[in-house]
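The residues making up each chain are set out below.
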Amino acid sequence: MTGSALDLPGGRRTPATAARSRWKLTEREFELRQSAAATVSGENPWRARLVQLRRRRTAWWSLWLLGLSSLVCLFAPLLPLPSPALIELRAPLLAPIAPWRVFGTFDFQPEYWPLGWLDRQLLELRQFLFGTWQSGPWLGTDSKGRDLLARIVFGGRTSLAVALAGAATSLVIGVSYGVIAGWFGGRIDRWMMRAVDVLQSLPFVFLVIFLLTVLGARSSSARESIFFVVIGAVWWLSMARVVRGTVRGMRSAAFLECAQVLGASQASSLVRHLVPNVLPIVIVYLTLTIPSVMLFESFLSFLGLGVSPPRVSWGLLALEGAQAINPLAIPWWLVLFPALVMGLTLLALTMLGDGLRDVLDPRSQARPAP
Amino acid sequence: MIRAALRHLAGLVISVVIVLAVSFALMHAVPGGPFDAERGLHPEIEANLARAYHLDWPVWKQFLQYIGPFNLGPDGWLGTGADRFGGVLALDFGPSLRHRDYDVADILAASLPVSFQLGALALAWSVPLGILLGTLAAARAGTWLDALLRVLTTTGIVLPGFVIASLSLLVFAFAWPLFPVAGWSSLRHMVLPAFALGAPCATYVARLTRSGVLENLQLDFVRTAKGKGLGRGAVIWRHALRSALLPVVAYLGPASAAILTGSLVVEKIFFLPGAGTHFVNSALNRDYTLALGVTLVYTVLVFCLNALADLLASFLDPRVGGRQES
């Protein structure tokens, strides 16, 4: 990657760009010096990182897009959407109808799967605010008369929840494994990393599906919790590797030795010095883990092994879309819109992850994301 | 080189044994057998079934019998009564619990060729095309061609395989009926599945190649080649591309694993009679032996392919040889 690829469009002459061109620095070198200067002068390094992230337009816009869509997903029961679970078999398969032709109707019926406490409150508030008004079939309906827009929003909720839960599990396992291996080093490290190597070359998808075969026939809620844990337990490998590398690099760092000579205990140096150094990399890998967990959930749901029917997820929507097409009717919207939403979300997550990696992990090379 | 191969082999043996032991233990630890679904079985029938599948033996004995050609007869250790079941080491995974009168080995023998054909076809078009496109993008870096290819590769990486498959089905089989919708008999049937399966791989290879070639174009040996008076084409295709292929070779292992995984959904969408379809169905109707059989075969396969790609990469690049410390 050359520096010119990272240049800003436009070419505004700010003091910073002037300094950059005077010292003939590439954007990357300039940023590294900037953050070094921020650290030396005792400023909060996260401020400089935020500024750098903002300068990467795609990453910044992805962050906004993701924030907005997660808010929509979180407050889905509050929005005046039709019920995503109400089945009307006699209703015809409706193609998308533009909002300016049918903006909304007044036949909302609150039918959902068992909702949690917060969702019930939100739903009541919605009924208080909007009554029985609901939005029209802007994205069409599926073969069972359910509104596609509502299903996409509620499906996004599931996908997001799975992604976050899985990422959290991978965070806990990966970080503790990596810190232990990196901190103790020596033989422990060697064996732990050998285990990671072996695990990495296993075809995990097959093992997980086998696991779901054996464990998954109990109740559907038990199945879903197993599912979360299993997903997270699979994705900790690269996190462990990266954290271990960072911790190992730090073990020999002079400032840690200084701290110990000055009488800091092992535990306090762990907390005071390790956490701020490991945190950026953990954030980067967390952002890169979320899309792959999301993808995996939709993959399993597509195969019929993930989220089970009254509930909905994006993978399930893709499955329904694929099953709905036949030579007589081609409901293209059932395939296209879920694909579009999923693609956009994954794209935004990947872009954000790339941007964060540039900012938070300056030593990494700009490589294509996996 | 030989040491590396031995290390891979040791890893394979260890992980297969672990996978076997854990999955076997899980199958037995979970309450409820595979026959639970059929309600109201007479206790005597149940006992008969248990005896037929040796479920009445102690677990360790069942495990030994499952693994190896020990030929544990009905009357004890290495008994005289010949048992049809030869164990995993003899490539016998036992009878399928749902497909009556079929052994897992029979099902695998019928379905694995389809999956392998599909996977080989997908790899065969996607890797060369990915290399070609990646090199083109690097050679024309910064032009509209590069931008177009970047959009294409990003799409291919971001969209899941099953979405690509259903979109291509929608466009090329229904809206514009070029290819058949399902089935597996002629080459025309194979086009769409192989395309959908190979697309993510092609885009990843293209990205790898592009960044590798771009990196090489700035190195000294390329400058030397240019200085010798070689044309631009020769410099890129003969010199810059060659060492950029190393990461691609190393990626072939994970790529084949990804293709095997992707074939689960592609086979489902196109109704292909491959091992992936059987695996998914066995997971849905709790056919333990079939699921475990496919898992084992694919574990060994993926392990071997990974090891092969690693060895090939270290053979091509002497720097990679020996142990890698990160």
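The rules behind each value
- Within each chain, residues carry numbers counting from 1 in the order of the written sequence.
- Working convention: letters from A go to chains and numbers from 1 go to ligands, in the order in which they are written.
- A pLDDT threshold of at least 70 governs which residues receive local features in this predicted model, and a stricter bar of 80 or more applies before side-chain atom pairs are shown or counted, although totals over entire chains, interfaces and linings include all residues.
- Water and hydrogen atoms were dropped before computing side-chain values, which therefore reflect all heavy atoms in the structure.
- Counting from the N terminus, the helices are DSSP H or I runs at least four residues long and the strands are E runs at least two residues long.
- Buried, partly exposed and exposed residues are distinguished by accessible area as a fraction of the type maximum, computed with a 1.4 Å probe on protein chains only: under 20%, between the cut-offs, and over 50%, respectively.
- Throughout, a contact is declared for two residues whenever any of their heavy atoms are within 4.5 Å.
- We get accessible surface area from the Shrake-Rupley algorithm with a probe of 1.4 Å; when it comes to residues, only the shown protein chains can shield them.
- Both cavities and pockets are sets of points on a 1 Å grid over the protein atoms alone; in a cavity a 1.4 Å probe fits but cannot get out, in a pocket the set is open with protein on both sides within 12 Å along at least five of seven lines, and lining residues sit with an atom within 4 Å of a point.
- Grid points are joined across faces, edges and corners, and a volume is the space filled by probe spheres set on the points.
- An automatic or database domain assignment supplies the start and end points of every domain.
- Computed with a 1.4 Å rolling probe, the buried area is the accessible surface lost when two parts are put together, summed over both parts.
- For salt bridges, the criterion is a side-chain nitrogen of Lys or Arg within 4 Å of an Asp or Glu carboxyl oxygen.
- Polar contacts, as counted here, are pairs of nitrogen or oxygen atoms within 3.5 Å of one another; within protein the pair requires one atom able to donate a hydrogen and one able to accept it, and residues that are adjacent in sequence qualify only if both atoms are side-chain atoms.
- Note on residue classes: Ala, Val, Leu, Ile, Met, Phe, Trp, Tyr, Cys and Pro are nonpolar, Asp, Glu, Lys and Arg are charged, and everything else, Gly too, is polar.
- Only centres within 6.5 Å qualify two rings of Phe, Tyr or Trp (six-membered ring in Trp) as a pair; their planes then separate them into stacked at under 30 degrees, edge-to-face at over 60, and tilted for everything else.
- Only the stretch in contact is used when a helix axis is fitted, and all axes are lines through C-alpha atoms; the angle between N-to-C directions ranges over 0 to 180 degrees.
- Note on angle classes: values under 35 degrees are labelled roughly parallel, values over 145 roughly antiparallel, values of 65 to 115 roughly perpendicular, and the remainder oblique.
- Each patch is built from salt-bridge-free residues with over 30% relative accessible area, joining like charges within 9 Å and nonpolar side chains (Val, Leu, Ile, Met, Phe, Trp, Tyr) within 5 Å.
- Positive charges are assigned to Lys and Arg, negative charges to Asp and Glu, while His and the chain termini are left out of the count.
- In this description, the location of a charge corresponds to atom NZ of lysine, CZ of arginine, CG of aspartate or CD of glutamate.
- As a per-residue measure, pLDDT tells how confident the predictor is, with possible values from 0 to 100.
- By the definition used in this description, the sense in which the near helix is turned from the far one sets the handedness, with an anticlockwise turn below a right angle giving left-handed and a clockwise turn giving right-handed.

## As for the overall build of chain B
Then, in step 1: Scanning chain B from N- to C-terminus turns up 11 helices and zero strands.
Then, in step 2: Taken from the N to the C terminus, the helices and strands of chain B come in the order α-α-α-α-α-α-α-α-α-α-α.
Then, in step 3: Within chain B, the fraction of its 326 residues that count as buried is 48%.
Then, in step 4: Considering only intrachain contacts with a sequence separation of at least 6, the fraction spanning at least 24 residues in chain B is 65%.
Then, in step 5: Within the structure as shown, chain B displays about 16200 Å² of accessible surface, and the carbon and sulfur contribution to it stands at 67%.

## Here's the deal with the overall build of chain A
Then, in step 1: A tally of regular secondary structure across chain A gives 14 helices and two strands.
Then, in step 2: Taken across its 370 residues, chain A has 47% of its residues classed as buried.
Then, in step 3: Within chain A, counting contacts between residues at least 6 apart in sequence, those at least 24 apart form 77% of the total.
Then, in step 4: Summed over its atoms, the accessible surface of chain A is roughly 18600 Å², and 66% of this surface lies on carbon and sulfur atoms.

## Here's the deal with empty space enclosed by the protein
Residue and element names in this part refer to chain A.
Then, in step 1: Summed over the entire model, instances satisfying the criterion amount to one cavity of 30 Å³ or more.
Then, in step 2: Considering only enclosed or pocket space, the largest cavity measures out at about 40 Å³ in volume.
Then, in step 3: In terms of lining, the largest cavity is formed by Asp 142, Leu 148, Arg 151, Leu 317, Glu 320, Gly 321 and Leu 334.
Then, in step 4: Put simply, the parts of the chain that give the lining of the largest cavity at least two residues each are α6 (148–184) and α13 (314–324).

## Things to note about the domain arrangement of chain B
All names here are of chain B.
Then, in step 1: Taken domain by domain, chain B holds domain 1 (2–90) and domain 2 (108–316).
Then, in step 2: In this complex, domain 1 contributes 16 residues to the contact, which on the side of domain 2 involves 10 residues.
Then, in step 3: Carbon and sulfur atoms supply 80% of the area buried between domain 1 and domain 2, which totals about 1300 Å² over both sides.
Then, in step 4: Counting the surface domain 1 buries against domain 2, the share from its top three residues, His 8, Leu 12 and Met 27, is 39%.
Then, in step 5: Our count for the contact surface shared by domain 1 and domain 2 stands at zero salt bridges.
Then, in step 6: At the junction of domain 1 and domain 2, the tally comes to zero residue pairs in polar contact (both at pLDDT 80 or more).
Then, in step 7: A class-by-class count of the residues in the side of domain 1 that touches domain 2 yields 11 nonpolar, five polar and no charged.

## A closer look at the interface of chain B and chain A
Then, in step 1: Taken together, the contact pairs 50 residues of chain B with 46 residues of chain A.
Then, in step 2: Where chain B abuts chain A, roughly 4200 Å² becomes buried across the two surfaces, and 79% of that area is made up of carbon and sulfur atoms.
Then, in step 3: Looking at the side of chain B facing chain A, the largest losses of area belong to B:Val158, B:Phe162 and B:Phe174, adding up to 14% of the total buried there.
Then, in step 4: For the pair chain B and chain A, the interface holds zero residue pairs in polar contact (both at pLDDT 80 or more).

## Thoughts on the layout of surface pockets
Empty space left among the atoms is revealed by rolling a probe the size of a water molecule over them.
Residue and element names in this part refer to chain A.
Then, in step 1: Of the pockets and cavities examined, the second largest pocket occupies roughly 720 Å³.
Then, in step 2: Around the second largest pocket, the lining is made up of 30 residues, and of these Ser 69, Ser 70, Cys 73, Val 341 and Thr 345 lie nearest the centre.
Then, in step 3: Residue assignment for the lining of the second largest pocket shows that the elements contributing at least two residues are α4 (57–74), α6, α12 (266–302) and α14 (332–360).
Then, in step 4: Looking at the lining of the second largest pocket residue by residue, the classes come out as 24 nonpolar, six polar and no charged.

## Comments concerning the side chain of A:Thr246
All names here are of chain A.
Then, in step 1: Residue position: Thr 246 is located in helix α10 (residues 237–251).
Then, in step 2: Residue Thr 246 is classed as buried on the basis of its relative accessible area of 16%.
Then, in step 3: Aside from chain neighbours lying at most four places away, what touches Thr 246 is Asn 277, Val 278 and Ile 281.

## A look at the packing of aromatic side chains
Then, in step 1: This structure, assessed with the given rule, holds 10 aromatic pairs over all chains.
Then, in step 2: Judged by centre distance (4.5 Å) and plane angle (20°), the rings of A:Phe302 and B:Phe162 are stacked. Of this pair, A:Phe302 sits in helix α12 while B:Phe162 sits in helix α6 (residues 161–175), on two different chains. For the residue pair A:Phe302 and B:Phe162, the accessibility class agrees, reading buried in each case.

## Topic: the pattern of salt bridges
Residue and element names in this part refer to chain A.
Then, in step 1: What the rule picks out here adds up to nine salt bridges over all chains.
Then, in step 2: Where Arg 151 meets Asp 142, a salt bridge forms, and the shortest distance between an N and an O atom there is 3.6 Å. Exposure class is identical for Arg 151 and Asp 142. Each is buried.
Then, in step 3: Residue Arg 244 pairs with Asp 189 through a salt bridge whose shortest N-O separation is 2.8 Å. Within this pair, whereas Arg 244 is found in helix α10, its partner Asp 189 is found in helix α7 (residues 186–200), the two being separated by 55 residues in sequence.

## Looking at the packing of α6(A) against α13(A)
Think of two packed helices as two axes; the pair is described by the angle between the axes and how far apart they sit.
Residue and element names in this part refer to chain A.
Then, in step 1: At a minimum axis distance of 8 Å, the contact between α6 and α13 shows a crossing angle of 140°. As the angle between them shows, α6 and α13 are arranged oblique. Here Leu 148, Arg 151, Ile 152, Gly 155, Gly 156 and Ser 159 of α6 lie close against α13, whose contacting residues are Trp 314, Leu 317 and Glu 320.
Then, in step 2: Split into classes, the residues belonging to the contact of α6 with α13 amount to four nonpolar, three polar and two charged.

## Thoughts on unusual backbone geometry
Residue and element names in this part refer to chain B.
Then, in step 1: A positive phi angle is found at Phe 271, which is not glycine, with a value near 50°.
Then, in step 2: With respect to the helices and strands, the residue Phe 271 is situated in the loop between α9 (232–269) and α10 (275–284).
Then, in step 3: Owing to a relative accessible area of 64%, Phe 271 belongs among the exposed residues under this scheme.

## Considering a positive patch on the surface
Then, in step 1: Taken together, the side chains of A:Arg187, A:Arg190, A:Arg194, B:Arg3 and B:Arg7 define a basic patch exposed on the protein surface.
Then, in step 2: Of all the secondary-structure elements, those providing two or more residues to the positive patch are α7 of chain A together with α1 (2–29) of chain B.
Then, in step 3: At three residues, the largest contribution of residues to the positive patch is made by α7(A).

## As for the confidence of the model for chain A
Then, in step 1: With 86% of its residues at a pLDDT of 70 or more, chain A shows a mean pLDDT of 77.
Then, in step 2: Per-element confidence in chain A is highest for α4(A), whose mean pLDDT is 87, and lowest for helix α2 (residues 27–40) of chain A, whose mean pLDDT is 68.

## Let's talk about the confidence of the model for chain B
Then, in step 1: Residues with a pLDDT of 70 or more make up 86% of chain B, whose mean pLDDT is 78.
Then, in step 2: Segment residues 321–326 of chain B is flagged for pLDDT under 50; beyond a separation of four residues in sequence, or across chains, it makes six contacts in the model.

## Some thoughts on the packing of α6(B) against helix α7 (residues 187–217) of chain B
Residues and elements named next belong to chain B.
Then, in step 1: For the pair α6 and α7, the least separation of the axes is 9 Å and the interaxial angle reads 140°. It follows from the interaxial angle that α6 and α7 lie oblique. Our pair here, α6 against α7, has a crossing hand that is right-handed. Contacts between α6 and α7 involve Ile 164, Ala 165, Ser 168, Leu 169, Phe 172 and Ala 173 from the former and Leu 192, Phe 195, Ala 196, Ala 199 and Pro 200 from the latter.

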